[in-house]
Amino acid sequence: MKIIDVQESEAEKDKWFFKLLYDERLAEDFIWIPKAVFWDAGGLNCKIKAKQKYELLLRLAERNSIAIRECSEEKAFSDEYALLDLPETKDPFEGIRTDSYIISRYKDKLLKYGCFDEVVESFLLSAKESGFQKEAAELLERMLGRQKEYYDIDDAVRPVLIYKGVDICYNVLNIFAEQFGAALERMGAKVEYFDPEKEDVRLMRNAVGKRYRAIIGWQTYMFSITMRNGERYLHDAIYAPKFNFIFDHPVWVRQILTRSPQTVRILTHDPAYVNFCSRYYKKEAYLFPPAGTLPSSEETEKKYDISFVGSYEDYRRGMVLIHQMERKTRFLANRFLLKLRKQPGQTADEAFYQALRETGETYTDEEYLEKFFQCKSAIFCVMHYYRAKVIETLLQAGCRVDVFGNSWEGCALKKYPGFICHSDLLGEECMKVWQQSRLSLNIMSWHKGGFTERMANIMLCRAVLVTDYTTYLDGKFEHGKDVLIFRLDALEELPKMIKERLNQPQKLEKIAQSGFEKAKERHTWDCRAKEFLEGL
């Protein structure tokens, strides 16, 4: 058992680097590494399959003055340390690939100390003995020339840059950014943040020419920034896979998606939005829903039978916007709204297409997108109409519903005795309420194939998730076993379903436990971070 010590002396820095370079045996055995140093160096390089510990230790020695010593297992155990215990591949060419990368990465250092030629000769001799001399020489030449083979490996240990600063909907996007960033760090990635609300955006000019493992935005406008001449996007000059998470219907964020480089990929939580981005914005788009976190403390008391954590908006406000539209657009928007209200199982895309088709006119994709954008208020209307209707259906049946959010104070539902309104919640307070709930409602913001962090967190808090149907649940969660599912076009069945479950506490507990286990296995931010890094 070995442990890495970080030393103060800069004089020892190069000494340990060259010790490691010339003696790979120092990377053998189990090794404990301080987590802070591990993350700062970029963690394990997932793009190499041989000599991972050896390559990592060289990076540590490059950045820090370290020492490697023997230690007792008991002393090493600590939350501040990570244990490296990796199986090594026996494929000799993978070892050659790692060595050629190492020589290329540290070329300047080796030249400075006059040992570059010696290291290359040793490398080629070893490759010859393995029967790969020609392949090794060609690979090393490409690596030294900083061709694709080099950056395929080197970019994997560069920082992930995350954009913060979009303060909407109770700061939820910044919370997502922090939770996903923390999960990436737990996977060994180095994470940097930039907050355009608090930092001068002009500082991003310093990133021109730099490389990152990935750049991630959360419905951000940062990818729309252009260079001084306005003819080129800033991010065209920053080298990294770039991703923008989109959580609303893509028609709402048209400007963000149309004014950004084509290389920016879209991550979203609904398959319909994936298709919409691909067709109308010509962007690569992928299904990648948000996730949840395990609560930081246990809460066993169940104070609430049915809770709902979310905001209220009077749907009539959206109707006012529709009535202010130009006459032809107003008729189309009203037709669109009527279809959404009468057929609540439809996606917004399906309903708008039907409404537009009934006009008898045809449009290009660009014209279709413009019309959809003009009528988008209808989605806002129907979403909040059904949010209130679901809760009122329960109240009319005599159920008690505890809602959380100051926005509910002025709504008409306060006339029902079972309607209990609480103040706004922040962060961990939401988790506590879900822990204290037997059942908690999720009412989709018209994401008909989506999955949200609210759904994941309710289950991770061991409450029973009660949600309107979304195709994402198919094959992943089973009604009556893991979750309770209702349909907006059959709301009359919801009160009976809930009352039956509340009268069966043992069955309710089993559903909560099953939902918890599935959410923990597949729907935490750690799961998403692992999936994301493996996909780069």
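The model shown is predicted, which means the values in this text are computed figures rather than measured ones. Per chain, residues are indexed from 1 in the order of the written sequence. The predicted origin of the model limits local features to residues at a pLDDT of at least 70 and limits the giving and counting of side-chain atom pairs to 80 or more, whereas totals for whole chains, interfaces and linings rest on all residues. Hydrogens and water are ignored here; the side-chain numbers use all heavy atoms of the structure.

Colleague: Explanation requested: the sheet that holds strand β9 (residues 264-268) in the structure shown.
Modeller: Across a sheet, strands are paired by hydrogen bonds formed along the backbone, either parallel or antiparallel in direction. DSSP-based pairing: two strands are paired if at least 2 bridges between them are found. Helix and strand labels come from DSSP, where a helix needs a run of H or I of at least four residues and a strand needs a run of E of at least two; each type is numbered from the N terminus. Read from one edge to the other, the open sheet built from 6 strands follows the order β6-β5-β7-β8-β9-β10, with strand pairing classed as parallel. The sheet is open, and its two borders are formed by β6 (191-194) and β10 (285-287), each paired with just one other strand. Mean inter-strand twist for the sheet, computed between neighbouring axes without regard to direction, equals 25 degrees. Across 3 bridges, strand β5 (residues 160-163) lies against strand β7 (residues 214-218) in parallel orientation. Opposite V160, over in β7, you have A214 as the bridge partner. Running over the sheet, helix α10 (residues 172-186) touches β5, β6, β7 and β8 (242-246) and is turned about 160 degrees from β6. Between the N-to-C directions of two axes lies an angle of 0 to 180 degrees, each axis being a line fitted to C-alpha atoms and, for a helix, fitted only over the stretch in contact. Should any heavy atoms of two residues lie within 4.5 Å, those residues are counted as being in contact.

Colleague: What's the story with helix α14 (residues 327-342) in this structure? I'm lost.
Modeller: Residue count minus one, scaled by 1.5 Å, sets the expected span of a helix. For α14, which comprises 16 residues, the first-to-last C-alpha distance of 23 Å matches the rise-based estimate of 22 Å (1.5 Å per residue) to within 8%. To sort residues, take the accessible area from a 1.4 Å probe on protein chains only and compare it with the maximum for the residue type: under 20% means buried, over 50% means exposed, and anything in between is partly exposed. Along α14, the residues that are buried comprise T329, L332, A333, F336, L337, K339 and L340. Each buried residue of α14 sits inside an arc of 160 degrees when the element is viewed along its axis, so together they form one side. α14 presents R327 and K342 as exposed residues on the side facing more than 90 degrees away from its buried surface. Those residues of α14 that are buried are in contact with α13 (315-323), α15 (348-357), α16 (365-374) and α17 (377-396). Here α14 starts with a cap whose side-chain oxygen sits 3.1 Å from the backbone nitrogen of K328, and that cap is E326. Arc, as used here, means the arc of the directions from the helix axis to the C-beta atoms. Residues adjacent in sequence count toward polar contacts only when both atoms are side-chain atoms; beyond that, a polar contact is any pair of N or O atoms within 3.5 Å, and within protein one must be able to donate a hydrogen and the other to accept it.

Colleague: Help me understand the sheet that holds strand β2 (residues 31-34) in this model?
Modeller: The strand order across the open sheet built from 4 strands is β3-β1-β2-β4, with neighbouring strands paired in mixed fashion. Two strands in the sheet have a free side with no partner beyond their single neighbour: β3 (66-70) and β4 (81-84). Mean inter-strand twist for the sheet, computed between neighbouring axes without regard to direction, equals 30 degrees.

Colleague: Looking at this structure, how should I read α10?
Modeller: Given 3.6 residues per turn, any residue in an α-helix points the same way as the ones three and four places further on. The end-to-end C-alpha distance of α10, which contains 15 residues, comes to 21 Å, matching closely the 21 Å that a straight helix rising 1.5 Å per residue would cover. Residues V172, L173, N174, F176, A177, F180, G181, A183 and L184 constitute the buried set of α10. Buried residues along α10 sit in contact with β5, β6, β7, β8, α19 (453-460) and α22 (525-535).

Colleague: Hey, could you run me through the packing of helix α12 (residues 271-280) against α16 in this one?
Modeller: The axes of two packed helices give the description: the angle between them and the distance between them. For the pair α12 and α16, the least separation of the axes is 10 Å and the interaxial angle reads 130 degrees. By the criterion of interaxial angle, the relationship of α12 to α16 is oblique. Two secondary-structure elements touch here, α12 through F276, R279 and Y280 and α16 through D365, Y368, L369 and F372. Just so you know the grouping, Ala, Val, Leu, Ile, Met, Phe, Trp, Tyr, Cys and Pro go in nonpolar, Asp, Glu, Lys and Arg go in charged, and all remaining residues, Gly too, go in polar. Counted by class, the contact of α12 with α16 contains 5 nonpolar, no polar and 2 charged residues. Roughly parallel here means an angle under 35 degrees, roughly antiparallel means over 145, roughly perpendicular means 65 to 115, and every remaining angle is called oblique.

Colleague: What should I look at first to understand the packing of α19 against helix α21 (residues 505-522) in this one?
Modeller: Direction vectors running N to C along α19 and α21 enclose 125 degrees, while the axes themselves pass 7 Å from each other. Classed by the angle they form, the pair α19 and α21 counts as oblique. Read as a crossing pair, α19 and α21 show a hand that is left-handed. From α19, A456, M459 and L460 reach across to α21, where they touch G515, F516, A519 and K520. Residues belonging to the contact of α19 with α21 are distributed by class as follows: 5 nonpolar, 1 polar and 1 charged. Each helix crossing is assigned a hand: it is left-handed if the near helix lies turned anticlockwise from the far helix by less than a right angle, otherwise right-handed if that turn is clockwise.

Colleague: I would appreciate a short explanation of the side chain of R97 in the present structure.
Modeller: In this structure, R97 sits in helix α5 (residues 92-105). Polar contacts involving the side chain of R97 include one to the main-chain carbonyl oxygen of K47, which spans 2.9 Å. Ignoring any residue separated from it by four or fewer positions in sequence, one finds R97 in contact with K47, I48, L139, M143 and I153.

Colleague: In this structure, what is going on with the nonpolar core? I would like to understand it.
Modeller: Side chains that are nonpolar tend, in soluble globular proteins, to be buried together. Ranked by size, the top nonpolar core spans 66 residues in total, and within it F336, I391, W408 and F419 carry the most contacts. In terms of residues, this core owes the most to one element, α17, which gives 10 residues. Leave out the neighbours within four places in its chain, and F336 touches A348, A351, F352, A355, F372, C375, A378 and I379. Membership of the second largest hydrophobic core comes to 42 residues, among which are I66, V120, Y150 and I153. By nonpolar core is meant a set of buried Ala, Val, Leu, Ile, Met, Phe, Trp, Tyr and Cys residues that side-chain atoms within 4.5 Å join together.

Colleague: Please clarify how the packing of aromatic side chains should be interpreted in this entry.
Modeller: Ring pairs (aromatic) are described by centroid distance and by the angle formed between their planes. The pairing test for Phe, Tyr and Trp rings, Trp by its six-membered ring, is centres within 6.5 Å, and the orientation test on the planes gives stacked under 30 degrees, edge-to-face over 60, and tilted for anything in between. In total, this model carries 41 aromatic pairs according to the counting rule given. Arranged with centres 5.4 Å apart and planes meeting at 65 degrees, the rings of F352 and Y368 form a pair that is edge-to-face. Remark: Y368 occurs in helix α16 and F352 occurs in helix α15; sequence separation between them is 16 residues. There is no split in this pair, since F352 and Y368 are both buried. Summarising the aromatic geometry, the rings of Y368 and F372 are spaced 6.0 Å apart at their centres and angled 70 degrees between planes, so their arrangement reads as edge-to-face. Pair noted here: Y368 and F372 are both in helix α16, with a separation of 4 residues, about one helical turn. Y368 sits in the buried class, given a relative accessible area of 8%. Assessed through its relative accessible area of 0%, F372 is described here as buried. Aromatic rings pair up to connect F176, F180, W218, F243, F245, F247, F288, W525 and F532 into one cluster.

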